[in-house]
Structure formats: C-alpha cells, structure tokens
Amino acid sequence: MGGYFSTLNAGARRVADEIEYDPEDPEGAVQSVVDHPGLDGFQWKVWWVAGSGFFTTSYSIFAANVISPALNYVYPACSSGSPKSSLILNLTTLAGTMAGMLIFGCLADQYGRKAVYGLELAIVVVATVGMTTASSGHLNSMNVYGWIGFWRCVLGIGIGAEYPLSAIIAAEWSSTKCRGKMMAAVFLMQSLGQLAAYAFGLAILYSVSRNAGLSPTEVDPTIASPVIDVVWRITIGIGAIPALISLALRRIIPETPYYLVEQGKIADAIEAAVHVYAPTTSIQPAEEDNQVAIRRSLDGPTGTMKKRHKNWWPSLVEYLHGMKGHLAQKGRWRALLGVMATWWLLDLAYYGLGLDNPKTISAIWLSGPLPASNATQPMEPTCNNTSWRADPAQPNITIYHMLRQDSVRNIITLSSGALPGSIMILFAIDYLPRTTWMGWMFVVLAGLFAINGGTFFVTFETTQHALTITLYVLAQVIFNLGPNTMTFILPAELLGTKYRGTLYGLAAASGKLGAITILLLTNLAVYGGDTIVYGNKFAGMLLGFCPAMLLGAFITWTWIPEVQYPRGHNLPSENDESASDDGRSVGGNRTTFTQQLKLPNRPLANIARNPGEGHILGMRRNVARVLRLKRQNRTENDNELGRPAEVSERIDSAAHRYATFRSQDDAP
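Residues numbered from 1 in each chain as written. Predicted model: local features only at pLDDT ≥ 70, side-chain atom pairs only at ≥ 80, totals over all residues. Heavy atoms only, no water.

**Overview of the overall build of the chain**
In step 1: Looking only at helices and strands, the chain has 29 helices and 2 strands in total.
In step 2: Taking all 668 residues of the chain together, 55% fall into the buried category.
In step 3: A separation of at least 24 residues holds for 84% of the contacts in the chain among residues at least 6 apart in sequence.
In step 4: Approximately 27,300 Å² of the chain is accessible, and the part contributed by carbon and sulfur atoms is 62%. (Helix = DSSP H or I, 4+ residues; strand = E, 2+ residues; numbered from the N terminus. Buried < 20%, exposed > 50% of the residue type's maximum accessible area, 1.4 Å probe, protein only. Contact = heavy atoms within 4.5 Å. Areas by Shrake-Rupley, 256 points an atom, 1.4 Å probe, with all protein chains shown as cover.)

**Quick notes on the nonpolar core**
In step 1: Formed by 161 residues in total, the largest nonpolar core has its most connected members in Tyr163, Ile228, Trp232, Phe449 and Phe488.
In step 2: If one sorts the elements of this core by residue count, helix 3 (residues 44–74) sits on top with 16 residues.
In step 3: If near-sequence neighbours (up to four positions away) are discounted, Ile228 is found in contact with Ala70, Tyr73, Val74, Leu205, Leu214, Ile399 and Leu403. (Core = buried A, V, L, I, M, F, W, Y, C linked by side-chain atoms within 4.5 Å.)

**Describing helix 7 (residues 119–132)**
In step 1: For helix 7, which comprises 14 residues, the first-to-last C-alpha distance of 20 Å matches the rise-based estimate of 20 Å (1.5 Å per residue) to within 8%.
In step 2: Within helix 7 the residues assigned to the buried category are Glu120, Leu121, Val124, Val125, Ala127, Thr128, Gly130, Met131 and Thr132. (Expected span 1.5 Å × (residues − 1).)

**Considering the packing of helix 20 (residues 434–459) against helix 21 (residues 465–481)**
In step 1: Across the interface, helix 20 lies against helix 21 with an axial gap of 10 Å and an inter-helix angle of 165°. Between helix 20 and helix 21, the interaxial angle falls into the category roughly antiparallel. When the axes of helix 20 and helix 21 are compared, the crossing they make is left-handed. Contacts from Trp437, Met441, Val444, Leu445, Leu448, Phe449, Ile451, Asn452, Thr455, Phe456 and Thr459 in helix 20 reach His465, Leu467, Thr468, Leu471, Tyr472, Leu474, Ala475, Ile478, Phe479 and Leu481 in helix 21.
In step 2: Here the contact of helix 20 with helix 21 is composed, by residue class, of 16 nonpolar, 5 polar and no charged. (Axes fitted to C-alpha atoms, helices over the stretch in contact; angles between N-to-C directions. Parallel < 35°, antiparallel > 145°, perpendicular 65-115°, else oblique. Left-handed = near helix turned anticlockwise from the far one by under 90°. Nonpolar A, V, L, I, M, F, W, Y, C, P; charged D, E, K, R; others polar.)

**Points about a nonpolar patch on the surface**
In step 1: Residues Trp48, Ile241 and Ile245 make up a contiguous nonpolar surface patch of roughly 290 Å² in combined accessible area.
In step 2: Of note, Ile241 is situated in helix 11 (residues 240–250). (Patch = residues over 30% accessible without salt bridge, like charges linked within 9 Å, V, L, I, M, F, W, Y side chains within 5 Å. Salt bridge = Lys/Arg side-chain N within 4 Å of Asp/Glu carboxyl O.)

**Regarding the packing of helix 7 against helix 8 (residues 144–172)**
In step 1: Where helix 7 contacts helix 8, the axes come no closer than 8 Å and their chain directions differ by 160°. Taken together, the axes of helix 7 and helix 8 are roughly antiparallel relative to one another. Judged by the sense of rotation from one axis to the other, the crossing of helix 7 with helix 8 is left-handed. Contacts between helix 7 and helix 8 involve Glu120, Leu121, Ile123, Val124, Val126, Ala127, Thr128, Gly130 and Met131 from the first element and Ile148, Trp151, Arg152, Val154, Leu155, Ile157, Gly158, Ile159, Ala161, Glu162 and Leu165 from the second.
In step 2: Here the residues of the contact of helix 7 with helix 8 sort into 14 nonpolar, 3 polar and 3 charged.

**Structural notes on the pattern of salt bridges**
In step 1: Counted by the stated rule, this structure contains 9 salt bridges.
In step 2: The salt bridge involving Arg500 is made with Glu172; its shortest N-O contact spans 2.6 Å. Linking Arg500 in helix 23 (residues 500–526) with Glu172 in helix 8, this pair joins segments that are 328 residues apart in sequence.
In step 3: Overall, the relative accessible area of 0% leaves Glu172 in the buried class.
In step 4: Here Glu493 and Arg179 are joined by a salt bridge, their closest N and O atoms 2.7 Å apart. Taken together, the residues span a long stretch of sequence, with Glu493 in helix 22 (residues 483–494) and Arg179 in helix 9 (residues 179–212) at a distance of 314 residues. Each member of the pair, Glu493 as well as Arg179, carries the same accessibility label: buried.
In step 5: Look at the salt bridges and you will find they share partners, linking Asp109, Arg113, Glu172 and Arg500 into a network.

**Observations concerning the packing of aromatic side chains**
In step 1: Going through the model one piece at a time under the given rule, you end up with 16 aromatic pairs.
In step 2: Seen from their ring centres, Tyr59 and Phe200 are 6.3 Å apart, and the 70° between their planes marks the pair as edge-to-face. Here Tyr59, found in helix 3, pairs with Phe200, found in helix 9; they are 141 residues apart in sequence, far enough to count as distant.
In step 3: For Phe200, a relative accessible area of 37% gives the class partly exposed.
In step 4: With a centroid separation of 5.3 Å and an interplanar angle of 90°, the aromatic rings of Tyr350 and Phe479 are classed as edge-to-face. Pair noted here: Tyr350 is in helix 17 (residues 332–354) and Phe479 is in helix 21, with a separation of 129 residues, a long-range link.
In step 5: The exposure class assigned to Phe479 is buried, which follows from its relative accessible area of 0%. (Phe/Tyr/Trp six-rings, centres within 6.5 Å; stacked < 30°, edge-to-face > 60°.)

**Brief notes about the side chain of Thr485**
In step 1: Within the secondary structure, Thr485 is located in helix 22.
In step 2: Assessed through its relative accessible area of 0%, Thr485 is described here as buried.
In step 3: From its side chain, Thr485 meets the backbone oxygen of Asn480 in a polar contact 2.6 Å long.
In step 4: Excluding anything up to four places from it in sequence, Thr485 contacts Phe187, Ile425, Phe479 and Asn480. (Polar contact = N/O pair within 3.5 Å; in protein donor to acceptor, adjacent residues only side chain to side chain.)

**Considering helix 10 (residues 221–237)**
In step 1: A rise of 1.5 Å per residue sets the reference length of helix 10, with its 17 residues, at 24 Å; its end C-alpha atoms lie 23 Å apart and thus fit the reference within 8%.
In step 2: Those residues of helix 10 that fall on the buried side of the exposure criterion are Pro221, Ala224, Ser225, Val227, Ile228, Asp229, Val231, Trp232, Arg233, Thr235 and Ile236.
In step 3: Those residues of helix 10 hidden inside the fold are in contact with helix 3, helix 7, helix 8, helix 9, helix 11 and helix 19 (399–428).

**Thoughts on the side chain of Arg250**
In step 1: Structurally, the position occupied by Arg250 is in helix 11.
In step 2: For Arg250, a relative accessible area of 0% corresponds to the buried category.

**Concerning the environment of Leu87**
In step 1: Along the chain, the position of Leu87 falls in helix 5 (residues 85–111).
In step 2: Classification of Leu87 as buried rests on a relative accessible area of 8%.
In step 3: Along the primary structure Leu87 and Leu519 are separated by 432 residues, whereas in three dimensions their C-alpha atoms are 7.7 Å apart.
In step 4: Residue contacts for Leu87: discarding those within four places in its chain leaves Leu519 and Asn523.

**Points about the confidence of the model for the chain**
Low-pLDDT stretches of the model should not have their predicted coordinates read in fine detail.
In step 1: With 71% of its residues at a pLDDT of 70 or more, the chain has an overall mean of 78.
In step 2: Predicted confidence for residues 662–668 stays below pLDDT 50, and this span has 11 contacts to residues more than four positions away or in other chains. (pLDDT = per-residue confidence, 0-100.)

**What about the environment of Val274?**
In step 1: Note on placement: Val274 falls in helix 13 (residues 266–277).
In step 2: Residue classification places Val274 among the buried residues on the basis of a relative accessible area of 9%.
In step 3: The sequence separation of Val274 and Pro257 amounts to 17 residues, and the corresponding C-alpha distance is 9.7 Å.

Below is the structure:
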C-alpha cells in the first residue's frame, strides 16, 4: 500500500513538518489533515481510482446501444422467440443496476467502503466475460437472449454498485476545498465512457470487417453474420480491460477516514488520512495527555465482518431503525426525498432520449418523407428479420452501414453535447451554488423541451431536422452542466457518513426506476413495438418532459439545501501561493479575485449535523416565505404611493393569515 499511495502528495513543495489535532474531536481531527493548507489540493490518483471504475460502468451501459442492431442481426428475434431483445437487454441491465445500488450501498455502510470497494468491478469483469461467451448452442438448443439477459443482469449489479461506492469514496477522500471538483471530475468519466463506447464500436467494426474481408455493401447474412458476431463480442469484452486496471488499484486503497471515525477508529482514521495526504508529515495531539485518548479510540466499537455475519438480521433491523430515526431529525427526510425525486425526474428525460436510442436517433435525423415499404432483401432469413433496421428512411441498409451510422450519429447527437457540458461544470463547480444551479438548469431544460417538442411538428421528415438535432445537442449540454452532474454529487454531500451508502443507493435507484419507467412507456406507447415513432408521438414525449423538468426545479427549490457557504464566508489566506518551503505563510493574509468568487464548501461533518442550516426547507414554508415577501414588497410600494395603511391590510390579510398559519404548522 505504501508504494502506491506514498506518491499521493498535493504539491512538490514541503509543508509543515507536524500537524496538531484534537483527539477529542474525531471529525475535526480528520479535517485537520485533509484540509491542512498545502495538503488540501486535488488528489489526482484518488480521482483515477474512483473515476476509472465509473468510466467502465458508463462504457458498459452505452455499449448496449452499439451492439443492439448487431445482436438482432446475428440472432434474429423472429427465430429466437425474443421479439423485443433490445427492451429485454435494457430492462435486465437496469433491474440489476437498481439491485446493485441498494445492496452495495448498504454493504458499504455495514462492513466498510474498503471491504466491498473493488468487488463490484470483479462482478463487472465476470459478467462481461460471460456475456461475450453467450451462445445459442448446437442447432439453437439454447436461447441466446436468455443467457445475454442473465449476464446483463449480473453486469447491472456491478454497474449499480459503482454509483454509491465511487461517489462516497470521492467525497470522503476529498478535502473540503476540492470536494466539488473531485466529484465532478469523477462524473466526467461517464461522458468519456459514453464517447468511448461509440468510438470503440466504430473502430472495432472497421478493423474487424477489413481483416475479415467483409464488404460494407454485403447483404448475404451467411457471410456477414460471423463477422458481425465477432464485432459485438469484442465491443462488449473490451470493457473488462479498464475494470481490471481499476480493480488492481482499488484493492490497495485504505478505508476512508470518515468511516473509520464513525466506527470509533480515530487513530486509524488519522493514520489513513496522513498516509494519503502527507506521507512525510508527522502528527501529534494538541496535548501530550491526549495520547491516552487516542489509544482508547482503538478499543472503540469497531466490530468485525465475522461477528456481523453471524448476527446479520438483528444488526440490519437495528441499522434500519436507526436510519429511520436519523432521517426524522432536522428534516433530513426532505433532503433524501428531494434527491430521490429529482433523480427520478431527470432520468425520465435523460434515458428517454439516450438509452434505447437507435430508433430515437433515427427519428430526429429523418430529413424527408418515409420511402414506400420495401420487401426484405432476397438474401434475408426466411423469418423476415428486419428488426435491426432502425432507420425507416433506409429500408435496404446493410448491417455494416447500420452500425456505422448509429455510432456516428450517437457521437454527433449525444457525446458532442454531453462531454462539453461535463467539462464546463468541472471548471465552474466551485463558483456556482449547486442546489440553486440545478434548479435553474431544470427550468432551462423545460424550456428546451417545450421548444424542441413544439418545433418537431414542423421539422419532422423535413430538411429542417438540423434544428431538432441542434436543440437535442444543447439539451445534452444542459443535462451534464446541471442536473445530471448534481444528482450524482449532492446525495454524497447531504447524507451522513453512517448511512451515506444506503441512502445514496436509494437515491440512485430512484433514478434507474425513472429509466425503467420511460423505457416501458416509449416502447409500449410511443414506438408501438418494432415500428418507428411517428412525429406526433415523439413530439408529445418531448413536450411531456417539460412539466417533469419544472417539477424537478420546484422540488429542488423546496426540499434540497445548499452544501456551500455564501461567497466571502471565512475566506482563507492564500497560503498555497505564498507558502515557504517549510509551509509557513510569507505573504500575509490576502485573497485573490477568483477566491472571492468561489462558494466555500461546507465540511461533510457540518452538513451531516444539520443539512438545512441557514435554509428554509419544505413546500409550505417556501410558499409562505414567498407570500410574506410579496406582502412586504406591496406594503413598501403602497407607502411610496401614499395608499392608506388600512387598504393595504385588507388586500394582504388573506396572504398574511396563510403565511402565519403555515409557518406555525410547520415549525420544528
């Protein structure tokens, strides 16, 4: 462990040789290390450990879009008894993802982050290899989609586990100053994984086809099927490579100091933090008498996996009962329901536009009326296998051109917007109030969907379809610039260490429930089975996302508190830029212009104690606050106009009574 993490140094210059801490304040002791001036910079290798696994999961999710036509071509749904193979693949993956989020989130709280961190990637590797070996057996003795569905479900468990584990590892191993940037950088890997799935799919198609001598215009399935079979297996199998690399790194990462403090292992927590942030720095208690206190911490309620395994059911019941009481205090349940509801609403639109997208992409790229229905190619199988032809504008397209077209269009339509959005929020994350920004981006998305849905009636099947594509790309930018990134970050910051994994898993699973909801809705109501979506139905879906985004903005405003202080709150001195070789400041107390623009992050311990500190949470409270503000503004205007006070009182009496009643009714 020392060989890898000994290089995790925040800067090349030396820092203070000793860091003092108070063992009577465990969380403060951890922060004295991770937030020590000169050591609180961005930890690149911690990001690599967390981000590499998130890249793998993103690749595996979006690779399903790449291989869907290939599977339908090689294993015709009409002959395998699986008429909706694409729907089955996505549903099994999402169901497994939900299970992984819930199970591994709870396990991370019960047994520790380190105990399960890496296990989820082992599941991803096994499932990926298993899927690449799926077969229909001798003379179709097995159902290939049954095997693929099973392995996709197992893969989904590993993918789902990655969400809470990567998020809490990034949050708990970050300094307070760099926490937002660290988590945004980890989430950036989703966009990179999405782009890699399309780019690798395109490169593998080209290289394998060229080596096998497959012509892009080949229509004979007996010639094309063996080559395309290799293409989809390599496309899926290559996802195991980054998983193996990340797996090797994760098995050597120490337990997070915040979790060790929660378990009573204060000395181990300080040692782990120093080992990662300052391996050459010594630490000591503020007073020598406190050495006894730190030794006593080693005898705290640590527990063992073996003991918990024997008494797992009573322990789980006690844990869930404690979590219920925890959420009932200080309105924490509002924050949890807020992130759950917003994640569900977000994924309705996000996965509705991007998950089962061969049909969706083809719909928005239509540039003219559909050609007359054409018969199946003479060389097609007798069961009339045409389900892989997702583009109705080209009923005679070959499988090579279909796969190539899908990958190119996905890069132009999805990745060209998602990746810039992720990069922009990475640089802007410290300058924006995260909760407020997410709310406003929900409003922007509502406007975009209203415009896109309204104009789609005009642009569908016309040369003006470029407008729809442009608005589609812009929506992808706003997704990652706002709600998509923030729903990943906020649950890890708002929820306490003891229950962070479980509650984060609940929030993330809510999002995937939204993905399942929209997937069923689009396949059963919008697409009409295997037929292409018509203009009115697709436009109606886009318009339906508008009120969903507005509801997301309202819930964000009323239920989710900020995780940052206002600008100018206890601005630190610029020690990083003015530190001498021994870590002492030589430039005095001064702040830069960029520091003044930043919103300092609240420490995790501070958020856990009182997530709603300084904020008004609750729908009734916020409505009452708006009414009070309107009444005050109207009173001031009346005074300026010279209106008698009794007239203003009669006008405002109803609003005043409502505000007073709701404030008293919802008082803590």
